[in-house]
Amino acid sequence: MTETRNVLALIIAVMILQIAGGLMSVLTPLGLEALGTQPQTIGMIAALYASGFMLGAWTAPRALATFGNIRLFAAAAAVTSAGALSLSLWYNEGFWAVVRVIQGVSFAYMFTSVESWLGVAVPDKARGNVMGIYHTGAKLSLMIGPFFVAGLSPLDSRAYSWAALFLTLALVPVCLTRQEQPAPPGRSAMPLGRLYTLAPAAVIGVALSGVINTGMTALIPIYFEGFSMGGGGTTAAAIAGAAAWMGGLIVQWPAGRLSDRLERRMVIAVMCAVSGLAALGIAVFGRSLGETGVIIVLSVWGAGSLSFYGLCVAHAIDRTPKAAIPQVMSGLLFVWAGGSIVGPLLSGFAMRGAGRMGLFGLAGILLVILAMIMVWRVSKRAAPEEGQQEDWSPILPTPLASVELDPRNPERDAEA
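Residues numbered from 1 in each chain as written. Predicted model: local features only at pLDDT ≥ 70, side-chain atom pairs only at ≥ 80, totals over all residues. Heavy atoms only, no water.

Engineer: What is the right way to look at the packing of aromatic side chains in this model?
Structural biologist: Aromatic ring pairs are reported here in terms of the distance separating the ring centres and the angle at which the planes meet. Taken as a whole, this structure holds 14 aromatic pairs when the rule is applied. Centre to centre, the rings of W96 and Y160 are 5.9 Å apart; their planes meet at 70°, and the pair counts as edge-to-face. In this pair, W96 sits in helix α5 (residues 93-121) while Y160 sits in helix α7 (residues 157-169), placing the two residues 64 residues apart along the sequence. In this structure W96 comes out as buried when scored by relative accessible area, which is 0%. The interplanar angle of 85° and the centroid separation of 6.5 Å between the aromatic rings of F224 and F360 together place this pair among those described as edge-to-face. Remark: F360 occurs in helix α14 (residues 325-380) and F224 occurs in helix α10 (residues 200-225); sequence separation between them is 136 residues. For the pair F224 and F360, a shared accessibility class is recorded, and that class is buried. An aromatic cluster is present here, built from Y223, F224, F227 and F360 joined pairwise through their rings. Over the ring of W376 we find R377, and its NZ or CZ is 5.2 Å from the ring centre. (Phe/Tyr/Trp six-rings, centres within 6.5 Å; stacked < 30°, edge-to-face > 60°. Helix = DSSP H or I, 4+ residues; strand = E, 2+ residues; numbered from the N terminus. Buried < 20%, exposed > 50% of the residue type's maximum accessible area, 1.4 Å probe, protein only. Lys NZ or Arg CZ within 6 Å of the ring centre and 35° of its normal.)

Below, the structure is given as structure tokens:
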């Protein structure tokens, strides 16, 4: 617990930041829809945000070297907060698209500042535990965020003030921490071809994680806004988002631990198959399930789809020499970000063409295909020998200056 207390300010900062992130993830699509924006355009703006996120992840090491962790975090938080407020000043989808690109870059800078700091401040022996607390807190905040705007119109300026408030508050623990900020990080990228040769299943899984999950989370609020639960509108969208993330939060740890004992790709396959069937169930039987039934099935979708990313990363690490782990983790992040650009575009067109059936049907089909790919990869390449598979730790697709984070079992590394 001492190690956690030492970096508690950073963890609290990210939790506050993720409240704003979860809030914006609901406000943006609902606000655009209220402006009369078509679903495919909403998906395109979500893809632009992901593009900004990817650009921020790519340029963050240089920015950290120039400005340092605290100043970069503070500047990015200020820019993101100003962007949130500006959305309520000019209701124009073109302007919103530009703001979301800038916010994508800024969010990447903030996450990278904190995660690189954690990588230096947390000792090897406590890293798994601390990162587990860090990522669990982040997911809880993503669930909580949308409820701060529950009941408000998606174009109510108060909703955007809430986002700006939390983005500003995230500055306080980072600026006042007594932890010494780390030296500027270095970075070298691994060619994608080499990364694919090393762990094909991981690359495919991470890419489809970006496509499926980003596409779904970008447009789910629009589908559930029409539900009557909680009075409908932003409240119903918040309930749906919380249900999906709660499913992922509950399953993340047991699935990860199970993958430490069994073939990881088979665990991923089962998770994707169950999640895919849940999505297809909503697509085909959504009307007959009723609102409560749809929310329950949505949590089953979230349990599998929002949890398998970390298992894909763990599978890649199983096959990676220790010295190359930073490159692999960084490379997988960019693969995920690439998928997150494509996902909202595909989901937007699918939703426009077939409504609920298109949105959930696309996700369900892709998840079932991914499950079959994982089974196929097991038949093509055996699992690592006993003793070579590394212990799993929970990982979210955030901009990894956690290129400095080594999720291998530190005790085993010491013995080696």
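Engineer: How should the environment of G145 be read in this particular structure?
Structural biologist: Mapped onto the elements of the fold, G145 is located in the loop between α6 (127-144) and α7. Using a relative accessible area of 0% as the deciding quantity, one classes G145 as buried.

Engineer: Which parts of the structure should I look at to understand the side chain of S347?
Structural biologist: As for its position among the elements, S347 is in helix α14. Residue S347 is classed as buried on the basis of its relative accessible area, which comes to 4%. In this view, S347 contacts G215, M216, L219, L359 and L362; residues no more than four positions away in its chain are not counted. (Contact = heavy atoms within 4.5 Å.)

Engineer: Can you walk me through the environment of V98 in this structure?
Structural biologist: Within the secondary structure, V98 sits in helix α5. Residues V98 and Y49, 49 residues apart in the sequence, show an inter-C-alpha distance of 8.7 Å.

Engineer: What am I meant to see in the pattern of salt bridges here?
Structural biologist: Where charged atoms from two side chains of opposite charge come close, those side chains can pair. All told, the structure shown has 3 salt bridges when counted by the stated rule. The partner of E263 in a salt bridge is R265, and the shortest N-O contact between them spans 2.8 Å. Take E263: its relative accessible area is 17%, and that puts it in the buried class. The shortest N-O distance in the salt bridge between R264 and D318 comes to 2.7 Å. One end of the pair, R264, is in helix α12 (residues 264-305); the other, D318, is in helix α13 (residues 308-318), and 54 residues separate them in sequence. The pair R264 / D318 is uniform in exposure class, with both members buried. (Salt bridge = Lys/Arg side-chain N within 4 Å of Asp/Glu carboxyl O.)

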